[in-house]
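# Summary of structural features
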Amino acid sequence: DTGVSQDPRHKITKRGQNVTFRCDPISEHNRLYWYRQTLGQGPEFLTYFQNEAQLEKSRLLSDRFSAERPKGSFSTLEIQRTEQGDSAMYLCASSFRDRAYEQYFGPGTRLTVT
Amino acid sequence: GENVEQHPSTLSVQEGDSAVIKCTYSDSASNYFPWYKQELGKGPQLIIDIRSNVGEKKDQRIAVTLNKTAKHFSLHITETQPEDSAVYFCAAKGPSYGKLTFGQGTILTVHP
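What counts and what doesn't
Residues numbered from 1 in each chain as written. Chains lettered and ligands numbered in written order. Predicted model: local features only at pLDDT ≥ 70, side-chain atom pairs only at ≥ 80, totals over all residues. Heavy atoms only, no water. Helix = DSSP H or I, 4+ residues; strand = E, 2+ residues; numbered from the N terminus. Buried < 20%, exposed > 50% of the residue type's maximum accessible area, 1.4 Å probe, protein only. Polar contact = N/O pair within 3.5 Å; in protein donor to acceptor, adjacent residues only side chain to side chain. Contact = heavy atoms within 4.5 Å. Pairing = 2+ DSSP bridges. Axes fitted to C-alpha atoms, helices over the stretch in contact; angles between N-to-C directions. Buried area = accessible area lost by both parts, 1.4 Å probe. Disulfide = S-S within 2.5 Å. Core = buried A, V, L, I, M, F, W, Y, C linked by side-chain atoms within 4.5 Å. Salt bridge = Lys/Arg side-chain N within 4 Å of Asp/Glu carboxyl O.

Our focus in this paragraph is the side chain of Gln-6 of chain B. Residues and elements named next belong to chain B. By the secondary structure assignment, Gln-6 is in strand 1 (residues 4–7). Classification of Gln-6 by relative accessible area gives buried; the value is 4%. From its side chain, Gln-6 meets the backbone oxygen of Tyr-88 in a polar contact 2.7 Å long. Within the local environment of Gln-6, its side chain forms a polar contact with the backbone nitrogen of Gly-105, the two atoms lying 3.1 Å apart. Every residue in contact with Gln-6, bar those within four places of it in the chain, is listed here: Ile-21, Lys-22, Cys-23, Trp-35, Tyr-88, Phe-89, Cys-90, Gly-103, Gln-104, Gly-105 and Thr-106.

Structure below.
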């Protein structure tokens, strides 16, 4: 069990650029979640996949954000036309169908928009 | 939607003392309450959880209690050690799929 992995760990980009993050869940975990965490706050839910189906999206996920999980394994989160307010830690979590409530988080991708 | 309030925001204890962190939630349909520990530069780590049909759960030095009537739950850490120093988050899962709503976090500092 290698845990949830995320890539890159850090990303610095200029305002207006597009960025894409990748998440690899724990093997055989069919559920995958994206959260955003700003400094001094708890994680905020963005979206949730069960296998390849995106089942829930937060209102925080504006039309500049898109997430995919094309084959039910890894997932990508893309932010288009980044804004300074997008600066945050983007966390991915996964859970296994038989213990679906237990979400295991990756180390996160820290995004800084300059 | 669900709202989770967490107190205190900071907690400082001496090594060996106990620490208690409290959370309240708003949605009576919430049915799962995990606690996470987050160290600097790392993702949250699940340390203990409790479901709505259980009042208390213990795992070595940590325990969680749930009062469904009052809609609050608490984390208890006994015999604290310096390595317990971290930010602790409570969370609640409502009836919708897997979304967790987190509290604002408690910075726990254990002084040797």
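Before going further, it helps to examine the sheet that holds strand 1 (residues 5–7) of chain A. All names here are of chain A. Strand order in the open sheet formed by four strands is 1-3-8-7, with antiparallel pairing between adjacent strands. Only two strands of the sheet have a single partner each, and these edge strands are strand 1 and strand 7 (65–68). Averaged over all pairs of adjacent strands, the angle between their axes in this sheet comes to 15 degrees, without regard to strand direction.

The partner chain B presents 21 residues to the 20 residues of chain A that form the contact. Its largest share of buried area at the contact with chain B, chain A owes to Glu-56, Tyr-101 and Phe-105 of chain A, together 33% of the area lost on that side. Elements with a minimum of two residues in the side of chain A that touches chain B: strand 4 (31–37), strand 5 (44–50), strand 6 (53–57) and strand 10 (99–105) of chain A. Among the elements that make up the side of chain A that touches chain B, the one with the highest residue count is strand 10 of chain A (five residues).

All right, on to the state of the cysteines then. With the rule as written, the count across this model stands at two disulfides over all chains. For Cys-23 of chain A, the disulfide goes to Cys-92 of chain A, at an S-S distance of 1.8 Å. With the S-S bond torsion at -70 degrees, the cross-link from Cys-23 of chain A to Cys-92 of chain A turns out left-handed. Residue Cys-23 of chain A is located in strand 3 (residues 19–24), and its partner Cys-92 of chain A is located in strand 9 (residues 88–96); the two are separated by 69 residues in the primary sequence. There is no split in this pair, since Cys-23 of chain A and Cys-92 of chain A are both buried. Note on cysteine connectivity: Cys-23 of chain B is disulfide-linked to Cys-90 of chain B, with sulfurs 1.9 Å apart. Taking the sign of the torsion about the S-S bond as the criterion, the disulfide between Cys-23 of chain B and Cys-90 of chain B, at about -100 degrees, is left-handed.

Attention now goes to the nonpolar core. Residue and element names in this part refer to chain B. Among the nonpolar cores identified, the biggest contains 24 residues, and Trp-35, Phe-73, Leu-75, Tyr-88 and Leu-108 are the most heavily contacted of them. Every element with two or more residues in this core is listed here: strand 2 (10–14), strand 3 (19–25), strand 4 (32–38), strand 5 (45–51), strand 7 (62–67), strand 8 (72–77), strand 9 (86–93) and strand 11 (106–111). With sequence-adjacent residues up to four places away left out, Phe-73 is seen in contact with Ile-21, Lys-22, Cys-23, Tyr-25, Phe-33, Trp-35, Thr-65, Leu-66, Cys-90 and Ala-91.

Take the pattern of salt bridges next. Residue and element names in this part refer to chain A. Under the definition given, this model contains eight salt bridges over all chains. Where Arg-64 meets Asp-86, a salt bridge forms, and the shortest distance between an N and an O atom there is 2.8 Å. Note that Arg-64 is positioned in the loop between strand 6 and strand 7 and Asp-86 in the loop between strand 8 (75–79) and strand 9, a separation of 22 residues in sequence. Assessed through its relative accessible area of 10%, Arg-64 is described here as buried. Taking the shortest distance from any N to any O, the salt bridge between Glu-102 and Arg-99 comes out at 2.9 Å. Through salt bridges that share partners, Arg-64, Glu-83 and Asp-86 make up one connected network.

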